[in-house]
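Structural characterization, general
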There are 4 protein chains.
Amino acid sequence: MDSLHNMPPKAPYGKLNIAVAGLGRMGKRHAKTLMYRVPQANLAAVCSKDEKELEWARQFFGADGAVKVFDDYDTMIQLPGLQAVWVSTSTNVHALQTTAAVKKGLHVLCEKPLSQNLDEARAVVQLAKDNPHLKVMAGYSRRFDASYRDAKAKVDKGTIGDAFIVRSQTCDLLDNTGFFVRYAAKNGGVFVDCCIHDIDLTLFFLGDIKPKACWAMGTIAHHPELAALNDVDNGIGMVEFWNGKLAYFYCSRTMAHGHDVATEVIGTHGKVMVNVHPRSNNVLVAGEHGISNEVQPEYWERFEDAFATEAIEFCEAVLEDKPVPLPLELGLKSLEIGWALQDALLTGKVVRFDREGKRLPEGEGAKL
Amino acid sequence: MDSLHNMPPKAPYGKLNIAVAGLGRMGKRHAKTLMYRVPQANLAAVCSKDEKELEWARQFFGADGAVKVFDDYDTMIQLPGLQAVWVSTSTNVHALQTTAAVKKGLHVLCEKPLSQNLDEARAVVQLAKDNPHLKVMAGYSRRFDASYRDAKAKVDKGTIGDAFIVRSQTCDLLDNTGFFVRYAAKNGGVFVDCCIHDIDLTLFFLGDIKPKACWAMGTIAHHPELAALNDVDNGIGMVEFWNGKLAYFYCSRTMAHGHDVATEVIGTHGKVMVNVHPRSNNVLVAGEHGISNEVQPEYWERFEDAFATEAIEFCEAVLEDKPVPLPLELGLKSLEIGWALQDALLTGKVVRFDREGKRLPEGEGAKL
Amino acid sequence: MDSLHNMPPKAPYGKLNIAVAGLGRMGKRHAKTLMYRVPQANLAAVCSKDEKELEWARQFFGADGAVKVFDDYDTMIQLPGLQAVWVSTSTNVHALQTTAAVKKGLHVLCEKPLSQNLDEARAVVQLAKDNPHLKVMAGYSRRFDASYRDAKAKVDKGTIGDAFIVRSQTCDLLDNTGFFVRYAAKNGGVFVDCCIHDIDLTLFFLGDIKPKACWAMGTIAHHPELAALNDVDNGIGMVEFWNGKLAYFYCSRTMAHGHDVATEVIGTHGKVMVNVHPRSNNVLVAGEHGISNEVQPEYWERFEDAFATEAIEFCEAVLEDKPVPLPLELGLKSLEIGWALQDALLTGKVVRFDREGKRLPEGEGAKL
Amino acid sequence: MDSLHNMPPKAPYGKLNIAVAGLGRMGKRHAKTLMYRVPQANLAAVCSKDEKELEWARQFFGADGAVKVFDDYDTMIQLPGLQAVWVSTSTNVHALQTTAAVKKGLHVLCEKPLSQNLDEARAVVQLAKDNPHLKVMAGYSRRFDASYRDAKAKVDKGTIGDAFIVRSQTCDLLDNTGFFVRYAAKNGGVFVDCCIHDIDLTLFFLGDIKPKACWAMGTIAHHPELAALNDVDNGIGMVEFWNGKLAYFYCSRTMAHGHDVATEVIGTHGKVMVNVHPRSNNVLVAGEHGISNEVQPEYWERFEDAFATEAIEFCEAVLEDKPVPLPLELGLKSLEIGWALQDALLTGKVVRFDREGKRLPEGEGAKL
């Protein structure tokens, strides 16, 4: 269940004037989430460059001007009274748009990952540090999911002893419409776009630990077009950390049964599991085939409530001037590991890091 | 997942001016649901006779008057511009308040059951019929739950052949605070207050069928105070219908593990089950005890989304002048069966009905 | 897992010379169980009147005479050296054959139920009492199943507090071959042949309690031929006991998904469940339909190990002259309740018992 | 369920005179399995060097000499009439004893792995090839488990399309008695002793494929003594195969909840899972902690039936002169991969293989 009803008794709610950039699948959902499920938000504007999306927006938001519709991001962020922007475009413009918003003095909630390019991502993190009066937050939705939070609480209170291994997978429903292949070209390889959630969860559960070495392997089961992008549609990676903790990941774009996102945290005295048997709801059907349950088709059905919680907590961080729950640096660290795995996949070689977690040049740092 | 994001693209939303009567556990929740999760609603007023609840309301809703706080129901329903009221008080005043609201020309969403008294309930149903311009709806929240709706859709499309048996249970977490015993005195016996949901689900799944006979038995496991109310804390009942369909129910107030509400619909070619293994979320814990999941403590955690959907659909029915999804008569029929079971429990005798589903005097209607 | 490997270190095993009467589905299985899984048994003979079954036996057991094949029960029990017989024929000759064996001085393991006729059953129980040097045991296989025994151990050690309600169901896979309809004619109605296991489990879990009243209802979903037998293919029954404990049952012959036998024992501080989600093994399949498991097609796949344990314990009781784990009287009590439910089904009336559990004439004993 | 009752109708059963070498935990179990669950076997002898074990054997098997008890392996295999031996000693003498038995003209069922030393293992495989009239079989019990066989049948008939990834784990209950640490010294590192089952299952499900590269990592969570053995108590490994198929493994000696052995086979159109939620039986307990099931403490409880099936099929292979279900070479291949993972764990480096699956010297074969 969402946290909506735990909100403190406060009236009238201060409301944050916020805009949504991008009106693709997620942009539309974020706009509706802000309107319908975030009492602390006032959706002030939306923007897109896509004519179909703009058409949708004009119809959906109507002509009364309560929600302004822009066909240009830079124009939108000039809107008087605007306080924040939720960047929901494709990854290749995340850094650019976040930078522009911060420079304009806006708070930013930026979808993960910050960038496909590590240097660019580092520059945005630095910019955010240089503007400590602005809240700039990385959008890793799973940290706002009730089950992941319950698991985290259990780990923190010692239910499983000392947590030392994470297994995590992000497996998407096979998409044969061609949408995914187009999407992949703009959103980075499987370890940067998809596994990055699992890496983030590893840091969530195991703490702020430094990678020591990683390796990856992958295969193309359904989408030959990915070869040209140096990518695969099924990838497996392992990361060893300097304090002896371990993580291993499986990411797939080709599941027949639905969105199958699962995480196990193994400790010295137990194990916490999240969603190891995915179920779309509480229904079972018994028939000649046996007994079955359906599975959510995509992450939206699994994480809809988490996105609402994420938006509520971002708005509260701004309105009450509290630290954001997920600072931008955290996203950067996951991105560095994601890239190391993607490079290991490409080269077949182990990627190693020094004791500070800084990546070493190829060939250095091997165990004696 | 809730239906929020399936709402039609319409802006600005027409909003229904609605008040909440009663600010107990559920009244508070309904007020928040209307504020935060029902874009079609404008929470105009709340009322309570309880000083603590009023104090809470004054603080929560603030002094700006956007939500007016009343200490008297009859005064509240005079509020100019008010269009509807959500009756969330204890069962013993449901009928009275619904009647007053209808007479005042307000639409009403009334929590189940309409009354503990069948004649009173029938009078309200008649009043609603006499005022067809008003929407008067029975609040059976399970019909708005995503899992129950999925099960219903499967039954309707023939997944299990012809549905002919329902097993349904409503089992509440044991409450040792004394709250439940006080609650029971005002809300009716186990078959009227609790099993009535299971009866309603039976009609939902098996259609508009006529009861033929029923029997019930029960025991007191934890709450000896119930004996004075002619009630039990664990009751089991069976209902045979004239078309050969069957239903059997188990209701308990004394579960150690949480709110355990489950339903099975058995058909000629399969079975659909809702929540036969209750889980509060997607988390499992493995440890020395084995592998375990937690269970929702009460119906709110299980049905929070359903209440939001119920409110949304009620508001839409009014705003768009559509039939309400759950007309008041339906609640009446469940109540008649609930009372038959409660009487069978008390007398130990079979209660029988004629072919129209009208209850027969004791001793009449036995087979042969 | 079976208890085979917990057997005491004892060599050479004393072996009991035992015969199997009846070579239908179960007779064949029992013969093999004795040969392959019961080191304490020496299968000495088998018998059948069916020519096909005899043909199978001659081929299977070969010509070396180690296992003698008879076409007549009365001749078989004259076999010199024979010590015991496992009666696996149809219900209508159980009592007759058990009587003959006891009179011949043989120990008997008799499949449930002892008889369809209560007086006949009582006579056999009396005969067994009059021959205390012989072990005469009722074959209720579920009491030998590892899961039911684990559940019983948990109930006995107080895991769920004081057990006070049993819900139990015996639901068989739909059989469209005609076998079941022929079987039904010789094996008694649904509450006597099928529900009797659930009644036995109720006494297993709740102890030696006296019935007070019961009622039943049923319907025919697939087998219209049952109407002529005064029977149904789906029956539901409830039993109230004098000490306030309760049981309710569902028996079906028409499941689409397999053999679905489940039991819940509800206590004041918890609930133990056996097989509420039936699974034929540890395999799950994920695909376009979601995630599914298969279900055992019939009770043999579910209870194969239990039958071996039952045979082992019967042999040990004889060889070591210990009381049998399931004395014949226990089966009689279940049968009395089974018949009361069957009669309630037929008449639509409540059947009542006095405080000793003795059935009252119709119309007597109603609650005041 | 076991396959006992599917055995062909054949009487009298030919019986294989077989001995068990080693009477540790598993040796005792194998001796009993042969006695009680394998009608095709005649347990002729057992041997051990351990005085306690011998004492147990003398008592258990008695003085009648039906089962001869030896304190020396070489003497035992001279027993006249002996046809086969089941080698159940610790890994460090498997090869030696298998060699001696083959040279003596006995059929051999040898527990996995054949040896900790690859050259020694290869020599035994060669010896077996040179003696084609003898059946020499590798004891990988999981291939005889009903669930794994069901999964394999589903993969073979195309239920999941083309299988291309295996995830498999072998996780043992934490043992704090010191037994495991002593055991580890004689039975090889985690990838050779434990993961080898998962490697074997990979070949079972994906076919006879050639490894291309592998990497591993591990950590010590509970048993510091393992450091001196160049071993860990939690290891994770990945293997890439030349045809693009992939496998990844997790082995642990430190589970709090029991023996947790699970396997997933991922295909282009579905996924088959074995035991992803381990359950020791069909029982669930609901209480204040939620709802829980227990887990098998060790592999015996999980695989007892599989060992019986393995023994039956080995005996049948000998008696009917059929190929053994699991030729020795197969075990060799798993061992080669197991050692590659163990070396990768130790060196931190990727181990690579040529296109024939032959291991390359360190540093060679890296992807371009």
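In this text the structure is predicted, and so the values were computed from the model without any measurement. (Residues numbered from 1 in each chain as written. Chains lettered and ligands numbered in written order. Predicted model: local features only at pLDDT ≥ 70, side-chain atom pairs only at ≥ 80, totals over all residues. Heavy atoms only, no water.)

Moving on, we come to helix H6 (residues 146-156) of chain C. When we look at burial in H6 of chain C, the residues that qualify are Ser147, Tyr148, Asp150, Ala151, Lys152, Lys154 and Val155 of chain C. Looking at the buried positions of H6 of chain C, the neighbouring elements they touch are strand S7 (163-173), helix H8 (190-206), strand S11 (260-267), strand S12 (270-274) and helix H9 (299-319) of chain C together with strand S13 (283-287) of chain D. Where H6 of chain C starts, the residue carrying a side-chain oxygen 3.2 Å from the main-chain nitrogen of Ser147 of chain C turns out to be Asp145 of chain C. Looking one or two residues past H6 of chain C, Gly158 of chain C carries a phi angle of roughly 90 degrees, positive in sign. (Buried < 20%, exposed > 50% of the residue type's maximum accessible area, 1.4 Å probe, protein only. Helix = DSSP H or I, 4+ residues; strand = E, 2+ residues; numbered from the N terminus. Contact = heavy atoms within 4.5 Å. Polar contact = N/O pair within 3.5 Å; in protein donor to acceptor, adjacent residues only side chain to side chain.)

Moving on, we come to the state of the cysteines. Residues and elements named next belong to chain D. For the structure on display, the rule yields zero disulfides over all chains. The thiol sulfur of Cys171 is not disulfide-bonded, and the nearest other cysteine sulfur, from Cys251, lies at 6.7 Å. Unpaired in this structure, Cys214 has its nearest cysteine sulfur neighbour in Cys195, at a distance of 9.7 Å. (Disulfide = S-S within 2.5 Å.)

Once that is clear, we can look at the sheet that holds strand S4 (residues 84-87) of chain C. Residue and element names in this part refer to chain C. Read across the sheet, six strands follow the order S3-S2-S1-S4-S5-S6 without closing on themselves; strand pairing throughout is parallel. Strands at the two margins of the open sheet, each flanked by one partner only, are strand S3 (68-70) and strand S6 (136-139). Neighbouring strand axes in the sheet, compared pairwise and without regard to direction, differ in orientation by 20 degrees on average. Both strand S1 (residues 16-21) and strand S2 (residues 41-47) contribute to a ladder of six bridges, which runs parallel. Residue Ala21 lies in a different strand from S2, and its bridge partner there is Cys47. The strands touched by H9 are S1, S2, S4, strand S5 (107-111) and S6; relative to S5, the strand with the most contacts, the crossing angle is about 160 degrees. (Pairing = 2+ DSSP bridges. Axes fitted to C-alpha atoms, helices over the stretch in contact; angles between N-to-C directions.)

Attention shifts here to the domain arrangement of chain A. Residue and element names in this part refer to chain A. For chain A, the assigned domains read domain 1 (4-142 + 305-327) and domain 2 (146-303 + 332-352). Centre-to-centre, using C-alpha coordinates, domain 1 lies 26 Å away from domain 2. For domain 1, the biggest contributors to the area lost against domain 2 are Gln116, Tyr140 and Arg142; these three give 35% of the whole. Linking domain 1 with domain 2 are 13 residue pairs in polar contact (both at pLDDT 80 or more), by the criterion used here. Those elements that place two or more of their residues in the side of domain 1 that touches domain 2 are helix H1 (25-37), helix H5 (118-130) and helix H10 (299-319). Among the elements that take part in the side of domain 1 that touches domain 2, H10 stands out by supplying five residues, more than any other. Here the residues of the side of domain 1 that touches domain 2 are counted per class, giving nine nonpolar, eight polar and seven charged. (Domains from an automatic or database assignment. Buried area = accessible area lost by both parts, 1.4 Å probe. Nonpolar A, V, L, I, M, F, W, Y, C, P; charged D, E, K, R; others polar.)

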